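Summary of the model geometry
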Amino acid sequence: MTVRFLTWNIRTGGSGGRLDAVVSLLRRESPDILALQELRGFPGRRMREVAGALGMTPFLARSVFGQSVAVLVRPPLRIVDWSGVRWRLHHAAAAVRVPTTAGQLTVVSTHLNALSPYRRLREARFLAARHRPGKGPVLLAGDLNSLDPDTDHTERLAALSGPYRRRHTTPDGTADTRAIAAFTAAGFVDLWPRAGAGDGHTVPTTRGGGHEFSATGMRLDYLMAAPPIAARATNARVLRGAETEYASDHYPLAVDLEL
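Given the structure is predicted, the values throughout are model-derived calculations rather than measurements. (Residues numbered from 1 in each chain as written. Predicted model: local features only at pLDDT ≥ 70, side-chain atom pairs only at ≥ 80, totals over all residues. Heavy atoms only, no water.)

Considering the nonpolar core
Where a protein is soluble and globular, its nonpolar side chains tend to be buried together. One finds Phe 5, Ile 33, Leu 191, Val 255 and Leu 257 to be the most contacted residues of the largest nonpolar core, which totals 34 residues. When residues no more than four places from it in sequence are discounted, the contact partners of Phe 5 are Ile 33, Ala 35, Val 107, Leu 139, Ala 141, Leu 223, Leu 253, Ala 254, Val 255 and Leu 257. Ranked by size, the runner-up nonpolar core spans 24 residues in total, among them Trp 8, Ile 10, Leu 19 and Leu 72. (Core = buried A, V, L, I, M, F, W, Y, C linked by side-chain atoms within 4.5 Å. Buried < 20%, exposed > 50% of the residue type's maximum accessible area, 1.4 Å probe, protein only. Contact = heavy atoms within 4.5 Å.)

Overview of the pattern of salt bridges
Scanning the entire structure with this criterion turns up eight salt bridges. For Asp 81, the salt bridge goes to Arg 97, with nearest N and O atoms at 3.6 Å. Here the residue Asp 81 occupies a position in strand β5 (residues 81–85), and Arg 97 occupies one in strand β6 (residues 93–100), the gap between them amounting to 16 residues. Look at Asp 81 and you get partly exposed, because its relative accessible area is 34%. Accessibility expressed as a relative area gives 33% for Arg 97, which makes it partly exposed. Among the ionic pairs, Asp 176 bridges to Arg 120, the shortest N-O distance being 3.4 Å. Remark: Arg 120 occurs in helix α4 (residues 117–130) and Asp 176 occurs in the loop between α6 (162–165) and α7 (178–185); sequence separation between them is 56 residues. Grouping residues by exposure puts Asp 176 and Arg 120 together as buried. In this structure, a network of salt bridges that share partners links the residues Arg 120, Asp 176 and Arg 178. (Salt bridge = Lys/Arg side-chain N within 4 Å of Asp/Glu carboxyl O. Helix = DSSP H or I, 4+ residues; strand = E, 2+ residues; numbered from the N terminus.)

Let's talk about the sheet that holds strand β3 (residues 57–61)
What the six strands build is an open sheet, ordered β3-β4-β2-β1-β12-β11; its pairing is mixed. Looking at strand neighbours, the two that pair on one side only are β3 and β11 (233–238), the edges of this open sheet. Within the sheet, the average angular offset between the axes of one strand and its neighbour, ignoring direction, is 15°. Sheet topology note: the strand β2 (residues 33–37)/strand β4 (residues 69–73) ladder contains four bridges and is antiparallel. Of the residues in β4, the one forming a bridge with Ala 35 is Val 71. Of the strands in this sheet, β1 (2–9) and β2 are in contact with helix α2 (residues 19–29), which crosses β1 at around 165°. (Pairing = 2+ DSSP bridges. Axes fitted to C-alpha atoms, helices over the stretch in contact; angles between N-to-C directions.)

Below you can see the structure in the form of structure tokens.
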């Protein structure tokens, strides 16, 4: 069975009239499992309405700063267990377990700290330990706000103004890639190099804002999986065009999983 997975930071809950475009795109793409971030204003009725419009079952984890995250699944897939984390994170993490032919798959939607590289690293280490692949099949996705370790980011960082550059550099001024390195050190596999093609840039969109991102593009949204799940991943892609250009400052990221 091919399971379509999609993750998307929809920027402050689709405020300013963008939510209709978000829902329209998601209905057309029809993911089987969906990870969403920046769900400001979603706890309660709005989450139920969006889940109903998509025909999916949601689990939402609240954030102390109002930017909740969620995982939604489409029947016949079902959620059999769930947990949320907010007190250890700047935003939040939502985790659900979904029975599949590959076993009980843990799906995590999260949004790491955008402002502090050190705090982002601490969050990554915490989540990597909490959901480490050695515990079983896991797919962790979302806006990790981190540069990847396998790319030269010199030109990209030089194009950013000082305050925004500091979000992505270590104290010695080099590119901060430690959050992604923490996940890979724990056994996670970055699915983009394995199943995607091209640079994988997910920000900024053409009409969705994003002045804090480099105009040359940045890969800040990730799909990280345990090796057995990574082996089942194909056709990772960044969705561009149509509503994606203005519905958020992030593009959606999708992958197919043979589960």
